[in-house]
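Residues per chain, in single letters:
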There are 2 protein chains.
Amino acid sequence: MKPLPQHEDPRCLPVRRLLQTVGSKWSVLVVSHLENEAKRFSELKRSIGGVTQKSLTATLRELERDGLVDRSVTPSIPPRVDYALTPLGRTLLGPLNALTGWAIENETAVAAARERFEKDNEAA
Amino acid sequence: MKPLPQHEDPRCLPVRRLLQTVGSKWSVLVVSHLENEAKRFSELKRSIGGVTQKSLTATLRELERDGLVDRSVTPSIPPRVDYALTPLGRTLLGPLNALTGWAIENETAVAAARERFEKDNEAA
DNA sequence: CTGGATCCCCTAGGATACTG
DNA sequence: CAGTATCCTAGGGGATCCAG
């Protein structure tokens, strides 16, 4: 994996790791789509939309690896795989919603800041 | 910039943007180092440690662009530039701390999950 | 249906050197 | 001091084909 430079404050290591997981393109979508119910792979893929199998698989593996998502295989034909949030994963929902809530509440403020920034740039 | 695929749920756009900003390698460090006091560029660079001028500049620009950080230039010789959190930036501290708090609290749980995952892998 | 294997592009981000 | 300019590389992530 990522070696994470050791000159970094060691207390920040878990933070950066989490942000790396959570900051990946699809993880938040996946988690939010699993908030209310367990879902199968293709269900998840359809309900999210626009994600590749590869990316979705990778995202799920990473979440599973960190103990946030549980993967249960039913070896039938055709095979069936269900994904669900673990208890640990559920505890992340609060902090995560705090952040996403902020993003939504301040969407217009951020957008305004961006416009100002762009304008000041072309002025220069 | 990043075009962000339009098949994505539009409500998630601000979320992904925030995560992209906050998920970049140094932004959280920068914000946390600005929590208590405004700092000059080289102060910031020294106190964070291990960050390149380029990366630090890029991070600060992005934060400034989103209206989270204020950049004030004092045209003297030598030049002096101070960075501080904006009021908007300060409102992000709460949600951000919620997330970093989670990361620290659950560091061992995540680490344990990782070990289990690795072990199950070599078992297969 | 679930996902592994490949190819390929593009961007984040490190190293280094230069400037007002 | 506070950047900009250039070069370079590892890795994320899309597309596509294949397999149990």
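Please refer to the structure placed before this passage.
The present account deals with the structure reproduced in this document. Because the structure is predicted, anything quoted here is derived from the model rather than measured. (Residues numbered from 1 in each chain as written. Chains lettered and ligands numbered in written order. Predicted model: local features only at pLDDT ≥ 70, side-chain atom pairs only at ≥ 80, totals over all residues. Heavy atoms only, no water.)

**Let's talk about the protein's contact with DNA strand D**
Moving on, step 1. Of all residues adjacent to DNA strand D, which total 20 residues, the nearest are A:Lys54, A:Ser55, B:Ser42, B:Arg71 and B:Tyr83.
Moving on, step 2. Each atom of DNA strand D within 4 Å of the protein belongs either to a base or to sugar and phosphate, the latter forming 60%.
Moving on, step 3. Contacts to DNA strand D include A:Lys25, whose backbone N or O atom sits 2.9 Å from a phosphate oxygen.
Moving on, step 4. One nitrogen or oxygen atom from the side chain of A:Ser55 is found 2.4 Å from a phosphate oxygen belonging to DNA strand D.
Moving on, step 5. Taken together, the elements giving at least two residues each to the surface near DNA strand D come down to helix 4 (53-65) of chain A together with helix 3 (41-48), helix 4 (53-65) and strand 3 (80-85) of chain B.
Moving on, step 6. Per element, the largest residue contribution to the surface near DNA strand D is four residues, and it comes from helix 4 of chain B. (Near = heavy atom within 4 Å. Polar contact = N/O pair within 3.5 Å; in protein donor to acceptor, adjacent residues only side chain to side chain. Helix = DSSP H or I, 4+ residues; strand = E, 2+ residues; numbered from the N terminus.)

**Overview of the relation of the copies chain A and chain B**
One copy of the chain maps onto the other through a rotation about an axis plus a displacement along that axis.
Moving on, step 1. Once turned by 180 degrees and shifted 0.0 Å along the axis, chain A lies on chain B with an RMSD of 0.1 Å. In short, the pair behaves as if placed about a two-fold rotation axis. Judged by C-alpha distance, A:Gly23 is the residue of chain A that lies nearest the rotation axis, at 2.6 Å.
Moving on, step 2. Counting the interface residues of chain A, we find that 100% of their copies in chain B are interface residues as well, pointing to one common contact surface. (Least-squares fit on C-alpha atoms with pLDDT ≥ 70 in both. Contact = heavy atoms within 4.5 Å.)

**Topic: the protein's contact with DNA strand C**
Moving on, step 1. Around DNA strand C there are 20 residues in total, and A:Ser42, A:Arg71, A:Tyr83, B:Lys25 and B:Lys54 lie nearest to it.
Moving on, step 2. With respect to DNA strand C, the side chain of A:Arg40 contributes an N or O atom lying 3.3 Å from a sugar or linking oxygen.
Moving on, step 3. In the environment of DNA strand C, a phosphate oxygen lies 3.0 Å from a nitrogen or oxygen atom belonging to the side chain of A:Arg61.
Moving on, step 4. Looking at the surface near DNA strand C, the elements with two or more residues in it are helix 3 (41-48), helix 4 and strand 3 (80-85) of chain A together with helix 4 of chain B.

**Things to note about empty space enclosed by the protein**
Residues and elements named next belong to chain B.
Moving on, step 1. Within the structure shown, the criterion is met by one cavity of 30 Å³ or more.
Moving on, step 2. Size it by volume and the largest cavity reaches roughly 30 Å³.
Moving on, step 3. Lining the largest cavity are Val-22, Ser-27, Val-28, Val-31, Leu-63, Leu-68, Leu-92 and Leu-96.
Moving on, step 4. Mapped onto the lining of the largest cavity, the elements with two or more residues apiece are helix 2 (27-33) and helix 5 (87-105).
Moving on, step 5. By residue number, the principal contributor to the lining of the largest cavity is helix 2, which donates three residues.
Moving on, step 6. Residues that form the lining of the largest cavity fall into these classes: seven nonpolar, one polar and no charged. (1 Å grid on protein atoms, 1.4 Å probe; cavity = no way out; pocket = protein on both sides within 12 Å on 5 of 7 lines; lining within 4 Å. Points joined across faces, edges and corners; volume = space filled by probe spheres on them. Nonpolar A, V, L, I, M, F, W, Y, C, P; charged D, E, K, R; others polar.)

**Let's talk about the pattern of salt bridges**
Moving on, step 1. Under the criterion given, the structure shown has six salt bridges over all chains.
Moving on, step 2. Close ionic contact of A:Arg114 with B:Asp66 constitutes a salt bridge, the shortest N to O distance being 2.8 Å. Separated into two different chains, A:Arg114 in helix 6 (residues 107-123) and B:Asp66 in the loop between helix 4 and strand 2 (69-74) make up a pair that spans both. A single burial state applies to A:Arg114 and to B:Asp66, both of which are buried.
Moving on, step 3. Close ionic contact of B:Asp82 with B:Arg80 constitutes a salt bridge, the shortest N to O distance being 2.9 Å.
Moving on, step 4. According to the relative accessible area criterion, B:Asp82 is buried, its value standing at 16%. (Salt bridge = Lys/Arg side-chain N within 4 Å of Asp/Glu carboxyl O. Buried < 20%, exposed > 50% of the residue type's maximum accessible area, 1.4 Å probe, protein only.)

**Some remarks on the interface of chain A and chain B**
Where interface size is quoted, it is often the accessible area lost as the parts come together.
Moving on, step 1. The interface of chain A with chain B comprises 46 residues on the first partner and 46 residues on the second.
Moving on, step 2. Across the chain A/chain B interface, buried area totals approximately 4,100 Å², and carbon plus sulfur atoms make up 70% of it.
Moving on, step 3. When the buried surface of chain A facing chain B is broken down by residue, A:Arg65, A:Trp102 and A:Arg114 rank first, second and third, together holding 18% of it.
Moving on, step 4. Inspection of the chain A/chain B interface yields four salt bridges. (Buried area = accessible area lost by both parts, 1.4 Å probe.)

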